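Residue-level structural notes
One letter stands for each residue in the lines below.
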Number of protein chains: 4
Amino acid sequence: MLSFESDYTTGCHPLILQRLMETNLVSQPGYGFDEYCLSAAEKIKRECSCPSAEVEFLTGGTQTNQVVIASMIMDGDGVVSADTGHINVHEAGAIEITGHKVFGLEHTEGKISASQVSDFVDTYYADANHEHMVRPAMVYISHPTEYGTLYSKKELTDLSKVCREKGLILFLDGARLGYGLMSYKTDVSLKDIASLTDVFYIGGTKVGALCGEAVVFTHSNKPERFLARKKQRGALLAKGRLLGVQFDTLFTNGLYYEISKNAIDRAEELKALLLRKDYRFHMDSPTNQQFVVVDNKKYENLKKVVRTGFWETVDKDHVAIRFATSWCTTKEDILALEEVL
Amino acid sequence: MLSFESDYTTGCHPLILQRLMETNLVSQPGYGFDEYCLSAAEKIKRECSCPSAEVEFLTGGTQTNQVVIASMIMDGDGVVSADTGHINVHEAGAIEITGHKVFGLEHTEGKISASQVSDFVDTYYADANHEHMVRPAMVYISHPTEYGTLYSKKELTDLSKVCREKGLILFLDGARLGYGLMSYKTDVSLKDIASLTDVFYIGGTKVGALCGEAVVFTHSNKPERFLARKKQRGALLAKGRLLGVQFDTLFTNGLYYEISKNAIDRAEELKALLLRKDYRFHMDSPTNQQFVVVDNKKYENLKKVVRTGFWETVDKDHVAIRFATSWCTTKEDILALEEVL
Amino acid sequence: MLSFESDYTTGCHPLILQRLMETNLVSQPGYGFDEYCLSAAEKIKRECSCPSAEVEFLTGGTQTNQVVIASMIMDGDGVVSADTGHINVHEAGAIEITGHKVFGLEHTEGKISASQVSDFVDTYYADANHEHMVRPAMVYISHPTEYGTLYSKKELTDLSKVCREKGLILFLDGARLGYGLMSYKTDVSLKDIASLTDVFYIGGTKVGALCGEAVVFTHSNKPERFLARKKQRGALLAKGRLLGVQFDTLFTNGLYYEISKNAIDRAEELKALLLRKDYRFHMDSPTNQQFVVVDNKKYENLKKVVRTGFWETVDKDHVAIRFATSWCTTKEDILALEEVL
Amino acid sequence: MLSFESDYTTGCHPLILQRLMETNLVSQPGYGFDEYCLSAAEKIKRECSCPSAEVEFLTGGTQTNQVVIASMIMDGDGVVSADTGHINVHEAGAIEITGHKVFGLEHTEGKISASQVSDFVDTYYADANHEHMVRPAMVYISHPTEYGTLYSKKELTDLSKVCREKGLILFLDGARLGYGLMSYKTDVSLKDIASLTDVFYIGGTKVGALCGEAVVFTHSNKPERFLARKKQRGALLAKGRLLGVQFDTLFTNGLYYEISKNAIDRAEELKALLLRKDYRFHMDSPTNQQFVVVDNKKYENLKKVVRTGFWETVDKDHVAIRFATSWCTTKEDILALEEVL
């Protein structure tokens with residue numbers, strides 16, 4: 001059966017496994033103080049052109065969102081997000097369990113705009129009762145979004161400006177950041193992100209690693225006692241080297257970009273294929289996730305030959321489904337898909 | 001200066017103070033085991049025609065919402081509410097701090113409908129990823145709503161039916177319940193509420209008491225160790241008698257209804273007055289809160305002669321303001337208002 | 001039946017009720033912005049000789065401990081307390097529910113010493129793994145303690161010094177503070193407490209009020225957005241005037257001290273009586289609570305004529321019980337007790 | 001430099017890496033629904049002789065303790081532990097952040113006894129005020145303990161009996177379970193543990209895996225919505241296969257036992273060596289951790305030739321240090337150590 005349901009159905013890039021083998025018997029300190037973590041952090045700071053950045057490694061996306069948010073805002077504060085944001089929908093309440101409200105603003109293709117944020121914050125402060133209300137203290141955006149779409153440099157810059165003017169932290173969830181960086185249609189670089197956000201992360205789990213996300217606090221703003229904060233949330237690996245080795249490998253010789261580019265190249269081929277086959281697109285995505293709308297019968301037939309991700313019910317007769325490419329999708333996979341469609 | 005800004009600007013009904021004086025030196029157990037609490041609970045159960053009900057007293061509305069919700073749903077569960085619901089807007093995150101998400105559904109005059117709830121829950125369960133999402137486990141409604149509007153018996157019955165069918169708890173916030181019960185336009189009785197909801201509360205703070213809300217668990221469904229739950233949330237008064245005496249007084253000789261009726265009678269006079277004066281109503285409210293839209297200049301002028309509650313900015317030139325009546329609003333107050341308008 | 005079981009079995013001092021009646025119809029803003037709260041806060045600041053103090057009113061002791069602690073320390077921080085401290089034993093986990101550990105140090109008559117705190121903190125920082133441990137960030141003491149005992153000025157000064165040196169917040173729970181201040185055996189004044197602690201509270205519930213505690217942040221150190229913090233914990237009364245009127249009355253013409261002195265005078269008479277009757281004291285208390293050890297049979301007999309508080313099981317044949325006096329204990333009550341003993 | 005400081009300084013057993021490579025390109029569902037997790041769970045159930053067991057995989061020890069405890073007890077409940085228990089000392093408050101108190105009972109070589117638990121629970125229920133106190137709802141033990149010691153079958157059986165009689169959940173932290181099972185001095189088998197506890201986990205991180213712990217709910221008692229509970233705590237890996245492959249490998253051909261036995265064999269040789277060298281033991285440990293007391297000067301000298309784990313300060317002149325063996329400690333390592341000591 002062909003597998004296009006997600007970008008986390010296989011293991012990791014072979015170079016990572018090779019590096020795990022090479023380093024396996026080297027004795028290293030635990031809890032992220034190993035030399036691989038240190039090296040990976042340096043490489044990431046360099047890629048970001050951000051010497052005052054502080055880099056921390058965590059295991060997964062939801063965990064990262066939880067630890068970052070809970071350690072950067074105070075009780076009574078909330079996070080502004082697209083209503084489709086991962087933290088607002090698919091994290092089983094991981095932000096609320098830390099005591100914080102998520103404000104879901106209406107999304108446009110998975111995105112929110114600077115003016116929406118500005119209006120929301122202004123409305124809050126204009127309300128005579130705002131001291132009785134959760135204070136918007138952080139803006140959370142995903143890039144790529146949950147729909148595979150991307151912020152333009154202009155949009156990001158505007159969001160950044162609004163956040164700085166109004167005193168909100170700008171946090172970018174980069175669970176699939178590589179695909180955003182290598183998109184044919186982006187004008188946003190890693191350096192841009194590092195200079196425009198307060199904190200963001202570079203996703204590993206969905207970009208060729210077994211697990212792991214690299215959080216970048218962009219301006220010496222890592223929360224106090226961050227190690228304890230990770231520990232307290234069950235997010236500190238004893239063998240932190242597992243994360244260090246992976247990110248050190250991903251940021252050696254541009255592997256992270258290479259992996260991401262492969263997924264993008266395949267996604268563009270996939271998109272062309274779906275267009276040729278007259279599929280109706282749910283949203284125009286410039287990254288590794290492609291969403292199409294099919295009727296229920298078609299979906300049942302597709303299920304027999306290819307695994308796709310169920311996305312959402314569109315109406316009683318149609319569903320949106322996701323095709324995702326990844327580091328290991330090959331030209332052959334696309335050709336095989338062509339045959340079965 | 002005339003005062004119509006809210007229903008909690010004065011003390012309490014004089015009979016309550018009188019009763020506090022009469023009972024002041026009687027030695028009673030603490031923590032709600034005093035005879036006044038016991039008597040008040042019995043009276044409330046009788047008024048509800050609900051012998052299997054369990055009644056508990058708490059100090060304020062937000063506290064009650066917090067303790068009730070946190071003790072009735074589990075981690076990973078959320079509460080469905082109108083987006084204008086008190087818990088969603090004006091409690092500074094009191095529900096989220098207990099770890100629970102509030103789902104804000106689009107309101108219609110402060111209300112949500114059975115079909116909205118039904119659709120929301122169905123969509124949740126239809127989502128292939130719902131195990132990764134916060135589960136809707138409770139429906140929260142306010143009656144009267146934050147806009148002073150009321151559910152009809154039909155609407156409540158439908159909500160109740162949907163909740164029972166789909167396994168959600170129905171919780172009614174009755175911070176201003178008296179005004180709902182005594183509205184000229186309601187067909188909902190206390191007994192109806194007791195039979196249609198799983199838990200609700202009878203507001204005291206905004207209906208003539210100094211403080212206090214009486215929670216009714218309608219069918220022997222008081223959460224295990226509820227005393228400890230109250231204590232743990234800082235919600236257990238050592239001198240629980242303060243709540244007992246107040247509710248016992250309010251439910252003796254129909255005082256609660258009498259107070260509420262006074263406010264409703266005055267509100268109807270107020271409404272007639274505002275209509276005569278050509279005020280534009282923000283929403284048609286059948287209870288003690290009347291909302292009108294005025295332009296900014298008018299608002300500035302009004303501020304000089306009468307205190308009203310700022311409600312919300314309508315547009316750049318207009319605001320909605322609230323006139324509220326209460327147990328102690330007199331015919332003279334309405335006449336005095338007529339003069340200054 | 002004679003009632004000596006606690007200091008919260010009756011209502012409040014009659015002057016409070018009188019003042020509630022006098023002010024009942026005066027229209028006032030809600031949420032603690034009423035003139036009574038403002039006046040009470042000023043009076044308390046004056047009594048503390050502490051112009052930079054900030055005063056806030058809350059409803060009960062556990063609530064106050066919860067709101068103060070949760071708003072002053074960060075995630076991963078804990079509170080050092082006597083193992084007998086109220087927060088460690090009798091608050092159903094009100095501190096833990098906010099995410100903080102309570103470190104219970106071995107008490108001596110309900111107290112902990114500066115050297116204990118110093119050793120505890122030093123041991124923490126000396127531990128190579130302390131970043132993996134909860135950080136001691138606050139010291140909580142009760143004065144009077146749960147055993148009715150008192151810190152001397154020297155002991156308080158030493159604790160204060162250690163806290164300042166080591167960067168811990170010193171928080172004094174004064175649920176029964178009046179009795180401490182009026183004890184025949186104390187050298188600690190309200191001013192001393194205001195100058196030695198970072199935050200403390202003046203108990204009302206157990207010292208003649210219906211409810212209420214006045215928190216004093218002693219040096220402009222009230223946590224940011226404290227109103228929202230109170231609201232979020234369900235601790236903000238709509239009719240804040242209830243607290244304002246009570247504390248304004250208690251701090252007018254020295255009523256708080258007068259009430260407390262009455263309880264202390266009666267307690268000294270009670271103590272003399274118990275000594276004459278050859279009761280064995282569980283602990284030597286200089287305040288309004290007197291603890292004696294009786295055998296089980298004696299306890300059964302006492303129960304028939306006087307209500308006392310069960311304190312703890314001493315051994316299989318003996319229990320410790322508490323006699324408490326209060327604002328309304330009279331000389332006649334003591335004489336009546338003498339007769340039945 | 002020789003490395004004996006812990007059992008998590010190297011990677012993982014080579015067979016695990018080999019298996020990761022073999023399975024790397026196999027497409028599998030995420031979130032623990034992969035075939036490796038299913039297979040590993042079956043193997044573990046078989047090893048436990050416990051067909052009604054339910055097995056779940058988590059990433060690390062602290063995370064496992066947090067997720068298990070928070071999902072099995074209710075608000076207001078606490079966990080009884082040795083005061084030296086990992087949850088009480090070295091998890092930065094991971095249990096408290098979920099709202100639960102840890103009761104630290106005085107340990108004896110890292111252990112607590114059935115009679116201690118029984119007394120503690122009886123004292124709780126005998127207290128007239130116990131409804132105001134955190135309820136002991138679970139007993140947490142480590143096996144091996146943090147000191148490397150082990151419960152005997154008799155001790156475990158007694159604890160189990162007390163827990164069942166008194167309605168507490170018995171939870172065994174087996175972060176280093178393999179070393180306990182393969183100790184020369186134990187009479188406790190995996191089957192015993194499965195039949196005597198309600199929930200326990202088989203540690204991977206410290207027993208030859210890169211990360212991972214296998215939780216066993218022993219009698220169909222996995223908490224409702226456990227997947228969502230994991231997700232909400234940031235504990236659900238997208239590529240759950242990483243855990244599945246590791247545990248499937250560890251429980252194929254007895255690898256888990258073999259790894260553990262190697263560490264035990266080496267630890268016994270190490271112990272003999274330390275005895276020959278006249279080291280003073282801090283505690284007699286029958287597992288892979290050996291604790292000795294050395295004076296500060298000796299410690300400084302040792303540091304130049306071998307890495308050991310700092311354990312605790314014994315007095316101003318002495319410290320306790322830990323030598324740990326693991327899956328990859330060789331006879332040669334012990335000989336090399338002999339040379340440098």
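Because the structure is a prediction, the values reported are computed rather than measured. Once a new chain begins, its residue numbering starts again from 1 and follows that chain's sequence as written. For this description, chains carry letters from A and ligands carry numbers from 1, given in the order in which they are written. Side-chain atom pairs in this predicted model are given and counted only at pLDDT of 80 or more, local residue features only at pLDDT of at least 70, and totals for whole chains, interfaces and linings cover all residues. Values shown for side chains rest on all heavy atoms present in the structure; no hydrogens or waters enter the calculation.

1. What to know about the overall build of chain A
From N to C terminus, chain A includes 13 helices and 13 strands. Expected size for 341 residues packed as a compact globule is a radius of gyration near 20 Å; at 20 Å, chain A falls within 12% of this value. C-alpha atoms of chain A, sized along the principal axes, occupy 60 × 55 × 35 Å. By residue count, 67% of the 341 residues in chain A fall in the buried class. Throughout, a residue-residue contact means that at least one pair of heavy atoms, one from each residue, lies within 4.5 Å. In chain A, 72% of the contacts between residues at least 6 apart in sequence involve partners at least 24 apart. With the model as given, the accessible surface of chain A reaches about 11400 Å², and the carbon-plus-sulfur share is 52%. We count a stretch as a helix when DSSP gives it H or I for four or more residues in a row; a strand needs E for two or more, and each element gets its number in order from the N terminus. The quantity called the radius of gyration is restricted to C-alpha atoms. Its globule counterpart is 2.2 Å times the number of residues to the power 0.38. Exposed residues in this analysis have more than 50% of their type's maximum accessible area, buried residues have under 20%, and partly exposed residues fall in between, with area computed by a 1.4 Å probe over protein chains only. Accessible surface is estimated by sampling points in the Shrake-Rupley manner with a 1.4 Å probe; for residues, cover comes only from the protein chains shown.

2. Notes on the environment of Gly167(A)
You can see Gly167(A) is positioned in the loop between helix 6 (153-166) and strand 6 (169-173). Along the backbone, Gly167(A) and Ala92(A) are 75 residues apart, and their C-alpha atoms lie at a distance of 28 Å.

3. Focus on the interface of chain A and chain D
Listed by partner, the interface residues are 48 residues for chain A and 48 residues for chain D. Here the quantity called buried area is the accessible surface, traced with a 1.4 Å probe, that two parts lose on coming together, added over both. Summing the contributions of chain A and of chain D, the shared interface buries around 3900 Å²; its carbon and sulfur component is 59%. By salt bridge we mean one thing: a side-chain nitrogen of Lys or Arg within 4 Å of a carboxyl oxygen of Asp or Glu. At the junction of chain A and chain D, the tally comes to 0 salt bridges. Side-chain atoms alone can form a polar contact between residues adjacent in sequence; in general such a contact is a pair of N or O atoms within 3.5 Å, and within protein one must be able to donate a hydrogen while the other accepts it. Inspection of the chain A/chain D interface yields 28 residue pairs in polar contact (both at pLDDT 80 or more). Elements with a contribution of two residues or more to the side of chain A that touches chain D: helix 1 (14-23), helix 3 (61-72), helix 9 (226-232) and helix 10 (241-250) of chain A. Element by element, the count of residues in the side of chain A that touches chain D is highest for helix 1 of chain A, at 4 residues. Here the side of chain A that touches chain D is composed, by residue class, of 21 nonpolar, 19 polar and 8 charged. Think of it as three bins: nonpolar holds Ala, Val, Leu, Ile, Met, Phe, Trp, Tyr, Cys and Pro, charged holds Asp, Glu, Lys and Arg, and polar takes everything else, Gly as well.

4. So, the packing of helix 5 (residues 114-126) of chain D against helix 6 (residues 153-166) of chain D
All names here are of chain D. Taken N-terminus to C-terminus, the directions of helix 5 and helix 6 make an angle of 20°; their axes are 8 Å apart at the nearest point. One finds that helix 5 runs roughly parallel with respect to helix 6. Judged by the twist between their axes, the crossing of helix 5 over helix 6 is right-handed. Between helix 5 and helix 6, the contacting residues are Ala114, Val117, Ser118, Val121 and Asp122 on the first element and Asp158, Leu159, Val162 and Lys166 on the second. Tallied by class, residues from the contact of helix 5 with helix 6 come to 5 nonpolar, 1 polar and 3 charged. Angles shown run from 0 to 180 degrees and are taken between the N-to-C directions of axes, each axis being a line fitted to C-alpha atoms and, for helices, limited to the stretch in contact. For this classification, under 35 degrees means roughly parallel, over 145 means roughly antiparallel, 65 to 115 means roughly perpendicular, and everything else is oblique. The handedness criterion is simple: a crossing whose near helix is rotated anticlockwise from the far helix by less than a right angle is left-handed, and one whose near helix is rotated clockwise is right-handed.

5. Let's talk about the pattern of salt bridges
A complete count under the given rule lists 103 salt bridges over all chains for this structure. Residue Asp284(C) pairs with Lys271(C) through a salt bridge whose shortest N-O separation is 3.1 Å. With Asp284(C) in the loop between strand 9 (280-281) and strand 10 (289-295) and Lys271(C) in helix 11 (residues 255-276), this residue pair connects regions lying 13 residues apart in the sequence. For Lys271(C), a relative accessible area of 9% translates into the label buried. Of the charged contacts, one joins Glu338(D) and Arg276(D) as a salt bridge, the two residues approaching to 3.1 Å between their closest N and O atoms. Here Arg276(D) lies in helix 11 (residues 255-276) and Glu338(D) lies in helix 13 (residues 331-340), a separation of 62 residues in the sequence. We classify Glu338(D) as partly exposed; its relative accessible area is 27%. Residue classification places Arg276(D) among the exposed residues on the basis of a relative accessible area of 52%. Where salt bridges share partners, they join Glu224(A), Arg225(A), Asp77(C), Glu131(C) and Arg135(C) into one cluster.

6. Quick look at the nonpolar core
What we call a nonpolar core is a set of buried Ala, Val, Leu, Ile, Met, Phe, Trp, Tyr and Cys residues that are connected through their side-chain atoms within 4.5 Å. With 126 residues, the main nonpolar core has Ile202(B) and Ile202(C) as its most contacted residues. Once residues within four sequence positions are removed from consideration, Ile202(C) is found in contact with Ile44(C), Gly174(C), Leu177(C), Leu190(C), Glu213(C), Ala214(C), Val216(C), Phe247(C), Phe251(C) and Tyr256(C). Ala114(A), Cys211(A), Cys163(D) and Ile202(D) belong to the second largest nonpolar core, which has 125 residues in total.

7. Side note on the relation of the copies chain D and chain C
Superposition record for chain D on chain C: RMSD 0.0 Å, screw rotation 180°, translation along axis 0.0 Å. Interpreted geometrically, this transformation is the action of a two-fold axis. Here 100% of the contact residues of chain D are again contact residues in chain C; the copies associate through an equivalent surface. Superposition of the copies was done by least squares, using only C-alpha atoms of residues whose pLDDT is at least 70 in both.

8. Details of the relation of the copies chain A and chain D
Placing chain A over chain D gives an RMSD of 0.1 Å and needs a rotation angle of 180°, together with 0.0 Å of translation along the axis. When the interface residues of chain A are mapped onto chain D, 100% of them again fall at the interface, so both copies present the same face.

9. Thoughts on the side chain of Ser6(C)
Residues and elements named next belong to chain C. Structurally, Ser6 is set in the loop between strand 1 (2-3) and helix 1 (14-23). A distance of 3.1 Å separates the side chain of Ser6 from the backbone nitrogen of Tyr8, its partner in a polar contact. Contacts of Ser6, omitting those with residues within four sequence positions, involve Arg322 and Ala324.

10. Let's talk about the interface of chain D and chain C
Contacts between chain D and chain C engage 21 residues on the former and 22 residues on the latter. At the junction of chain D with chain C, the criterion picks out 2 salt bridges. Between Glu96(D) and Lys101(C) there is a salt bridge, with its nearest N and O atoms 2.6 Å apart. Listed by contribution, the elements that provide at least two residues to the side of chain D that touches chain C are helix 4 (86-89) and strand 4 (101-105) of chain D.

11. Regarding the confidence of the model for chain A
In predicted models, pLDDT denotes the confidence assigned by the predictor to each residue on a 0 to 100 scale. With 100% of its residues at a pLDDT of 70 or more, chain A shows a mean pLDDT of 97. Across the predicted assembly, pTM comes out at 0.97 and ipTM at 0.97.

12. Regarding the sheet that holds strand 6 of chain A
Strands belonging to one sheet form pairs held by backbone hydrogen bonds; the direction of such a pair is parallel or antiparallel. Residue and element names in this part refer to chain A. Spatial strand order, 2-8-7-6-5-3-4: 7 strands in an open sheet with mixed pairing. Each of the sheet's edge strands pairs with one partner strand only, and the pair in question is strand 2 (54-58) and strand 4 (101-105). Between one strand axis and the next, the sheet turns through 25° on average, direction left out of account. Pairs of strands are assigned from DSSP output, requiring at least two bridges between the strands. Where strand 5 (residues 135-142) and strand 6 come together, 5 bridges link them in parallel fashion. In the strand pairing of strand 6, Tyr140 is matched with Phe171. Each of strand 3 (77-82), strand 4 and strand 5 touches helix 5 (residues 114-126); the most contacted strand, strand 5, lies at about 165° to it.

13. Describing unusual backbone geometry
Trans peptide bonds make up most of the peptide bonds, and negative phi angles are found at most residues other than glycine. Going from His143(B) to Pro144(B), the amide bond is cis rather than trans, its omega being -5°. If you trace the backbone, Pro144(B) turns up in the loop between strand 5 (135-142) and helix 6 (153-166). The phi torsion at Ala92(A) lies on the positive side, around 55°, for a residue other than glycine. Looking at the element boundaries, Ala92(A) is found in the loop between helix 4 (86-89) and strand 4. A positive phi angle is found at Tyr31(C), which is not glycine, with a value near 65°.

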